[in-house]
Amino acid sequence: MSVPDYQRLLEITKFLLNNGVKLFIFEHHIKNAHSNSFLKSINIILLTSIKKISNGYSEIKQSSIIKMIIDVMHNTSKKLVIYNNDEYYLKSFEYFFNKFFYLKYSIYNRTCHLFLKKIVYSVWGTQIVFTYGNNNYFLDLKLIGKHNLYNALAAIGICLSTNIKIHNILEAIEGVENIPDRLEKIDYGQNFNILLDYTNTPESIELLIKSIYQSCYTKILLLCGGRGEHKELKNRMVGKNVIISSKKIFITTGNPRWFTPSLILREMIKGLPKALTLLHSGSSYDWLINQRKIPIWFEYWLYKYQSNLNCFIIKERGLAIRTCLAMANKDDVVLLIGKGKNDYIELTDIKGNIKKYLFNDYKECISSLRKISYLYEFSLKTKNIPWRI
């Protein structure tokens, strides 16, 4: 469980203890760890990754975060540390962890207590063989992404440390088909994988794409949209980070709110490489933005420019989703980011008031897949724009 508020944490803890719960796990942000007396009574500390923390004014470096962890651990009555041995900053403090009971896990290091012996990747899931206590175990993980391998190992480590039987652990993890809004799979019988993710910051988007590529060894079809609550620089960074790692990219809007969709698109386009945006700068019309203002005779060149660059600028998110799914090939990975399963989009009307309109990425994908199946009956070639017979 994720607990952002300390007071709320105490209330939940008291409720669980009063109802006979003997074991519960919670996620807590380490930047507040040194000030929370509750953490001094914890039994197990799980350390997954250490990153810089920004509070809006300054950054807390990785070394300072490790010192916070050490301070908490010195005041802990029962000390069991489970940590990711592949994390550089955690590995550098290994000499300290050795003073406690500890369990380390890794994808690469076979000297760890828990490590992967074999990995078979696909765009549909991941099959692994891991070793623990000189025994090998097979796990059919329904999730993709390198980060989910680390999540699985961390979960296994916690369960083993609490004396849960290994066959129960494997059965539980293999039963996880989806994690809502976190690379959530959409299955309507199509021959390519569709993933839905809520992430919307430039850094998390870049890490997510990298994680998928490292596990599937394939570039993705990416649909991403800028957001009205983001500053211009953040929307620009989204455009910069995604173009390199994508097979095709569809730039659209996420949740414009009090800004116009055209303004959001312009901010994202500013982040694209100049070599791309200036490639057809001598064109008679702006092929990136003013698509509704171009004459009919220029539409051929508009489609040609965007298809050649594999970069499609589509203002309406629903149309962008339909176009993206129609262009997917067998065993492709389609990633839709920025909204998750939110049921609405906020737009500003002519009076300056924000209004909510029903829109859901998941439902739009199901509707699109149903309609695309009819297109195939007419032998339409939808892999490039414009579609041809």
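Everything here concerns the structure above.
Figured I'd write up the structure that's included with this text. This is a predicted model, so every value here is computed, not measured. Throughout, a residue's number is its position along its own chain's written sequence, starting from 1. A pLDDT threshold of at least 70 governs which residues receive local features in this predicted model, and a stricter bar of 80 or more applies before side-chain atom pairs are shown or counted, although totals over entire chains, interfaces and linings include all residues. Note that water and hydrogens are dropped before the side-chain values are worked out from all heavy atoms of the structure.

With that settled, the discussion passes to the pattern of salt bridges. The salt bridge criterion pairs a side-chain nitrogen of Lys or Arg with a carboxyl oxygen of Asp or Glu, the two atoms within 4 Å. The final tally for this structure, using the stated rule, is four salt bridges. Salt-bridge contacts for Asp 197 lead to Arg 182; the nearest nitrogen and oxygen are separated by 3.4 Å. With Asp 197 in strand S10 (residues 193-197) and Arg 182 in the loop between helix H6 (166-174) and strand S9 (184-186), the pair connects residues that are 15 residues apart, well separated along the chain. The closest approach of N and O atoms between Asp 332 and Lys 247, which form a salt bridge, is 3.1 Å. Here Asp 332, found in the loop between helix H12 (317-326) and strand S14 (333-337), pairs with Lys 247, found in strand S12 (residues 246-255); they are 85 residues apart in sequence, far enough to count as distant. Take Asp 332: its relative accessible area is 5%, and that puts it in the buried class. Residue burial is assigned from relative accessible area. The probe radius is 1.4 Å, only protein chains are included, and a residue is buried under 20% of its type maximum, exposed over 50%, and partly exposed in between. When its relative accessible area of 33% is taken as the criterion, Lys 247 is described as partly exposed. Secondary structure follows DSSP: runs of H or I at least 4 residues long count as helices, runs of E at least 2 residues long count as strands, and numbering of each begins at the N terminus.

A few words now on the packing of aromatic side chains. Pairing of aromatic rings covers Phe, Tyr and Trp, the last through its six-membered ring, and needs centres within 6.5 Å; plane angles under 30 degrees mean stacked, over 60 mean edge-to-face, and all others mean tilted. Counted under the stated rule, the structure contains seven aromatic pairs. Ring centres of Tyr 83 and Tyr 102 lie 6.3 Å apart, and the angle between their planes is 35 degrees; on these two criteria the pair is classed as tilted. Here Tyr 83 is found in strand S4 (residues 80-84), whereas its partner Tyr 102 is found in strand S5 (residues 101-106), with 19 residues between them in sequence. Its relative accessible area of 0% is what places Tyr 83 among the buried residues. Clustering of aromatic rings is evident, with ring pairs tying together Trp 297, Phe 298, Tyr 300, Trp 301 and Tyr 305.

This paragraph deals with the sheet that holds strand S7 (residues 126-132). Reading across from one edge, S1-S4-S5-S6-S7-S8 is the order of the six strands in this open sheet, with mixed pairing throughout. Each edge of the open sheet is held by one strand with a lone partner, namely strand S1 (44-47) and strand S8 (135-141). Adjacent strand axes in the sheet meet at a mean angle of 20 degrees, parallel and antiparallel pairs treated alike. Any two strands are treated as partners once DSSP identifies two or more bridges connecting them. Pairing between strand S6 (residues 114-121) and S7: seven bridges, direction antiparallel. Bridged to Lys 118 within S7 is Val 129. Contacts are assigned to residue pairs that have any heavy atoms within 4.5 Å of one another. Orientation is described by axes fitted as lines to C-alpha atoms, over the contacting stretch for helices, and by angles from 0 to 180 degrees between their N-to-C directions. Where H6 meets the sheet, its contacts fall on S7 and S8, and the angle it forms with S8 comes to roughly 20 degrees.

Moving on: a nonpolar patch on the surface. A grouping of Trp 258, Phe 259, Leu 263 and Ile 354 is seen on the molecular surface, where their side chains present a nonpolar patch of about 350 Å² in accessible area. With respect to the helices and strands, the residue Phe 259 is situated in the loop between S12 and helix H9 (261-269). In this structure Phe 259 comes out as partly exposed when scored by relative accessible area, which is 30%. Any residue with relative accessible area above 30% and no salt bridge may belong to a patch, with like charges joined within 9 Å and the nonpolar Val, Leu, Ile, Met, Phe, Trp and Tyr side chains within 5 Å. The method behind every accessible area is Shrake-Rupley, applied with a 1.4 Å probe, and residues are considered shielded solely by the protein chains displayed.

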